[in-house]
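Residue-level structural notes
Now for the letters of each chain:
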Amino acid sequence: MSISCFELTKVYDGGKAGWPALRGLSFEIKMGEFVAVTGPSGCGKSTLLNIIGLLDEPTGGRYALNGRDVLTLSDRERSDTRRDEIGFIFQSFHLLNRLSSVENVGLPLMYAGADGAERKERAVALLRKVGLHGKEKKIPLELSGGERQRVAIARALANSPKLILADEPTGNLDSASSKEIMQLLVDLNAEGITVIMVTHDKELAARAGRNIRMRDGRIEQ
Ligand SMILES: Nc1ncnc2c1ncn2[C@@H]1O[C@H](COP(=O)(O)OP(=O)(O)OP(=O)(O)O)[C@@H](O)[C@H]1O
Ligand SMILES: [Mg+2]
């Protein structure tokens, strides 16, 4: 997916007046890039990722996804794009605690209309891909942090996204698991998936193809 943002701004309702979360960001991300977004807490990284992922709308500026202005998308097109083209990974995994690995991974497939057998087959294959063969029936509580994040990555891959948005995916992990998760993202990027990852980890950011450094709602570098 290619991303093009011009003078993007975001002011939250109820946010501090005069303190926009985003204050005019302009940048391009080309198809197939791996970009790390870094910057101090509160500088707007998650806000930016949510806008890129069509979870939230900017207050001003322009945002084009694959050359198409997202403001021209209907609600239906927005949610379909989100479901079919974008995979999300979060710091706290956002797995459903009562569901097994295979069921968690199968959820997006259910929303996309796949039947039970199809879901199971694809979920098992995805869990194998992320190195979780044999853990299909475990619930999140029975998995380590790194394993939970692998389940979340498998879930993000369920509908074959072209873009992965990861908001501090290693924020809750030890350094060994962090490196493994990073490697997995690097491998997915090598398969052609565009990856945008927010991170506080300088070592991991250095492995991305490019860094966007933010400060106070702007791009510093
Ligand atoms: N839903 C919201 N309503 C009002 N203000 C918000 C909301 N979400 C974020 N903000 C504010 O917007 C600014 C940017 O927040 P954001 O979460 O994007 O920062 P961040 O760079 O992701 O920080 P962190 O590294 O701590 O995750 C902050 O000042 C925050 O308080
Ligand atoms: Mg954040």
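You'll find the structure just up there.
Residues numbered from 1 in each chain as written. Chains lettered and ligands numbered in written order. Predicted model: local features only at pLDDT ≥ 70, side-chain atom pairs only at ≥ 80, totals over all residues. Heavy atoms only, no water.

1. Brief notes about the pattern of salt bridges
Per the stated rule, a full pass over the model turns up 13 salt bridges. Among the ionic pairs, glutamate 85 bridges to lysine 162, the shortest N-O distance being 3.1 Å. Taken as a pair, glutamate 85 in helix H2 (residues 75-85) and lysine 162 in the loop between helix H5 (145-156) and strand S7 (163-167) lie far apart in primary sequence, 77 residues in all. When its relative accessible area of 43% is taken as the criterion, lysine 162 is described as partly exposed. (Salt bridge = Lys/Arg side-chain N within 4 Å of Asp/Glu carboxyl O. Helix = DSSP H or I, 4+ residues; strand = E, 2+ residues; numbered from the N terminus. Buried < 20%, exposed > 50% of the residue type's maximum accessible area, 1.4 Å probe, protein only.)

2. Considering the packing of helix H3 (residues 101-111) against helix H4 (residues 116-129)
Put simply, H3 and H4 touch, their axes get as near as 8 Å, and they point 120° apart. On the basis of their axis angle, the class for H3 and H4 is oblique. The hand of the H3/H4 crossing is right-handed. In this structure, H3 contributes Ser101, Val102, Val105, Gly106, Leu109 and Met110 to the contact, and H4 contributes Arg119, Lys120, Arg122, Ala123, Val124, Leu126 and Leu127. Looking at the contact of H3 with H4 residue by residue, the class counts come to eight nonpolar, two polar and three charged. (Axes fitted to C-alpha atoms, helices over the stretch in contact; angles between N-to-C directions. Parallel < 35°, antiparallel > 145°, perpendicular 65-115°, else oblique. Left-handed = near helix turned anticlockwise from the far one by under 90°. Contact = heavy atoms within 4.5 Å. Nonpolar A, V, L, I, M, F, W, Y, C, P; charged D, E, K, R; others polar.)

3. Here we look at the nonpolar core
Residues Ile153, Ile164, Leu185 and Met197 are the most contacted members of the largest nonpolar core, which totals 36 residues. Counting residues per element, the ones that place at least two in this core are strand S3 (34-38), H3, H4, H5, S7, helix H6 (175-190), strand S8 (194-198) and helix H7 (202-207). Sequence-distant contacts of leucine 185, that is, excluding residues within four places in its chain, are made with Phe34, Ile89, Ile164, Pro169, Val195 and Met197. Listed in part, the 28 residues of the second largest apolar core include Ile3, Val35, Leu73 and Leu165. (Core = buried A, V, L, I, M, F, W, Y, C linked by side-chain atoms within 4.5 Å.)

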